[in-house]
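The primary structure of each chain is shown beneath.
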Amino acid sequence: MVNLCGENVVNDEDKTLSSQSSPAPGRKNDPIGLKQRIFDSALAEFAESGLMGARMENIASNANTTKRMVVYHYKTKEALYMLVLEHVYRGIRQYELDLDLSSFPPAEAIVKLVEASFDFHVSHPEFIRIVSTENMLRGRFIRQSTSIREINKTALTLLEDILARGKQSHLFKEDAQARDVHRLISSLCVHQVANQYTFGALFENPDEVDLQTAHYRQLAVMVALRYVMK
């Protein structure tokens, strides 16, 4: 998972946290490691209980520290939640960029993007839970963030490049739009995680979870390709 980037959302601090996450031998004080533990604990707490149900005492306890230290590093629960929200969006967008999809032919790039997106959502259920929390809050914090919109621009620019190359090769429909493709992919990936318990209880065999997951992954690829291909 992407390391905490700090309260000012500065990339250089990401690298600092990554390189200093383990205290040096014999070192008693490890403020950077403590800050990271608090952040990781907060992510888990918000994912499990949402913003309203999360408790600073739980965040402190699971980070093996005190509430006073949580407040010292992050001030308020809301400020910490904002950082977590920015963090989870940064994680998925960086994951997509790391796929280097510009090096693949357009149709293959769509396949790889859908498969990777599906796998990311399945392996990062905390992302769905945090985003679901923000939707329950009617987007209150995402509208306040000065960076989340900027972070998420790559979700569309990445697709715009793939679609432009596909249209130039006369493979993709001229009216295929990046936002629509992103929404289509996201809806199938999110449903797989967000509705797994209700949908599974109603319609699926609990002994075939892996087979069903593989089927829905393939279905997501097929739907996306059928949408964009001529």
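Along every chain, residues carry numbers that run from 1 in the direction the sequence is written. Confidence filtering applies because this is a predicted model: local features only for residues at pLDDT of at least 70, side-chain atom pairs given and counted only at 80 or more, and all residues used for totals across whole chains, interfaces and linings. Excluding hydrogens and water, the side-chain values take into account all heavy atoms of the structure.

A separate point is the overall build of the protein chain. When you go through the protein chain residue by residue, the secondary structure sums to 13 helices and 0 strands. Numbered from the N terminus, helices here are DSSP runs of H or I no shorter than four residues, and strands are runs of E no shorter than two. Start at the N end of the protein chain and walk to the C end: the helices and strands fall as α-α-α-α-α-α-α-α-α-α-α-α-α. A total of 230 residues make up the protein chain; the buried ones form 41% of that total. The contacts of the protein chain with a sequence gap of at least 6 include a subset with a gap of at least 24, amounting to 68%. Only protein chains enter the area calculation, which uses a 1.4 Å probe; residues under 20% of their type maximum are buried, those over 50% are exposed, and those in between are partly exposed. Contacts: residue pairs with any heavy atoms within 4.5 Å of one another.

Next up on the list: the layout of surface pockets. Buriedness for pockets is judged along seven lines, at least five of which must meet protein on both sides within 12 Å for an open set on the 1 Å grid over protein atoms alone, while cavities are sets there where a 1.4 Å probe fits but cannot get out, and lining residues have an atom within 4 Å of a point. Grid points are joined across faces, edges and corners, and a volume is the space filled by probe spheres set on the points. Put simply, the largest pocket is a space of about 1,000 Å³. Considering the residues around the largest pocket, the lining is formed by 32 residues, among which Tyr89, Arg93, Ile142, Asn152 and His182 are closest to the centre. Going through the elements one at a time, helix H5 (77-97), helix H6 (106-123), helix H7 (125-136), helix H8 (140-144), helix H9 (148-151), helix H10 (153-168) and helix H11 (178-194) are the ones with two or more residues in the lining of the largest pocket. Looking at the lining of the largest pocket, the element that brings in the most residues is H11, giving 7 residues. A per-class count over the lining of the largest pocket returns 14 nonpolar, 9 polar and 9 charged. Volume-wise, the second largest pocket comes out at about 450 Å³. Along the wall of the second largest pocket there are 22 residues; nearest its centre are Gln192, Gln196, Glu204, Thr213 and Tyr216. Put simply, the parts of the chain that give the lining of the second largest pocket at least two residues each are H6, H11, helix H12 (196-203) and helix H13 (209-228). By residue number, the principal contributor to the lining of the second largest pocket is H13, which donates 6 residues. Note on residue classes: Ala, Val, Leu, Ile, Met, Phe, Trp, Tyr, Cys and Pro are nonpolar, Asp, Glu, Lys and Arg are charged, and everything else, Gly too, is polar.

Turning our attention to the nonpolar core. Only buried residues count toward a nonpolar core, which is a set of Ala, Val, Leu, Ile, Met, Phe, Trp, Tyr and Cys residues joined through side-chain atoms within 4.5 Å. Within the largest apolar cluster, 35 residues are counted, with the highest numbers of intra-cluster contacts made by Ile38, Phe46, Ile59, Leu80, Tyr89 and Phe127. For this core, the elements supplying multiple residues, two or more each, are helix H2 (31-53), helix H3 (56-62), helix H4 (67-74), H5, H7 and H9. In terms of residue count, the dominant contributor to this core is H5 (9 residues). Beyond its immediate chain neighbours, meaning those up to four positions away, leucine 80 contacts Ile38, Phe39, Ala42, Phe46, Ile59, Val70 and Tyr74.

Structurally, leucine 83 can be placed in helix H5. Residue classification places leucine 83 among the buried residues on the basis of a relative accessible area of 7%. Sequence separation between leucine 83 and phenylalanine 39 is 44 residues; the distance between their C-alpha atoms is 8.6 Å.

Below, the discussion takes up the UniProt feature "DNA-binding region" (unreviewed entry) in the protein chain. UniProt positions are given in the numbering used here, feature names are shortened, and annotations may be inferred rather than shown by experiment. With numbering aligned to this structure, UniProt lists the feature "DNA-binding region" (unreviewed entry) at residues 55-74. Taken end to end, residues 55-74 is 75% helix and 0% strand, and its first and last C-alpha atoms sit 14 Å apart.

Once that is clear, we can look at H7. In this scheme, a helix's expected span is set at 1.5 Å multiplied by one less than its residue total. The end-to-end C-alpha separation of H7 is 17 Å, in line with the 16 Å expected for 12 residues at 1.5 Å each. For H7, the complete set of buried residues consists of Glu126, Phe127, Ile128, Ile130, Val131, Thr133 and Glu134.

So, on to the pattern of salt bridges. Opposite charge on two side chains makes pairing possible when the charged atoms of those side chains draw close. Any Lys or Arg side-chain nitrogen found within 4 Å of a carboxyl oxygen on Asp or Glu counts as a salt bridge. Under the criterion given, the structure shown has 7 salt bridges. The closest approach of N and O atoms between glutamate 57 and lysine 67, which form a salt bridge, is 3.4 Å. Residue glutamate 57 is located in helix H3, and its partner lysine 67 is located in helix H4; the two are separated by 10 residues in the primary sequence. The partly exposed category is assigned to glutamate 57, whose relative accessible area is 35%. Its relative accessible area of 40% is what places lysine 67 among the partly exposed residues. The shortest N-O distance in the salt bridge between glutamate 115 and arginine 217 comes to 3.9 Å. Of the two residues, glutamate 115 sits in helix H6 while arginine 217 sits in helix H13, which places them 102 residues apart along the sequence. For arginine 217, a relative accessible area of 27% corresponds to the partly exposed category.

Looking now at the packing of H11 against H13. Only the stretch in contact is used when fitting a helix axis, every axis being a line fitted to C-alpha atoms; angles between N-to-C directions are given from 0 to 180 degrees. Following both chains from N to C, one finds H11 and H13 inclined at 170°, their axes separated by 10 Å at the closest point. If you check the angle between H11 and H13, you find them roughly antiparallel. In this structure, H11 crosses over H13, and the sense of that crossing is right-handed. Here Asp180, Val181, Leu184, Ile185, Leu188 and Gln192 of H11 come into contact with H13, specifically with Thr213, Tyr216, Ala220, Val223, Ala224, Tyr227 and Val228. Its residues assigned to classes, the contact of H11 with H13 comprises 10 nonpolar, 2 polar and 1 charged. Should an angle fall under 35 degrees it is called roughly parallel, over 145 degrees roughly antiparallel, and 65 to 115 degrees roughly perpendicular, with every other angle called oblique. Crossing chirality is assigned from the near helix's rotation relative to the far helix, an anticlockwise turn below a right angle marking it left-handed and a clockwise turn marking it right-handed.

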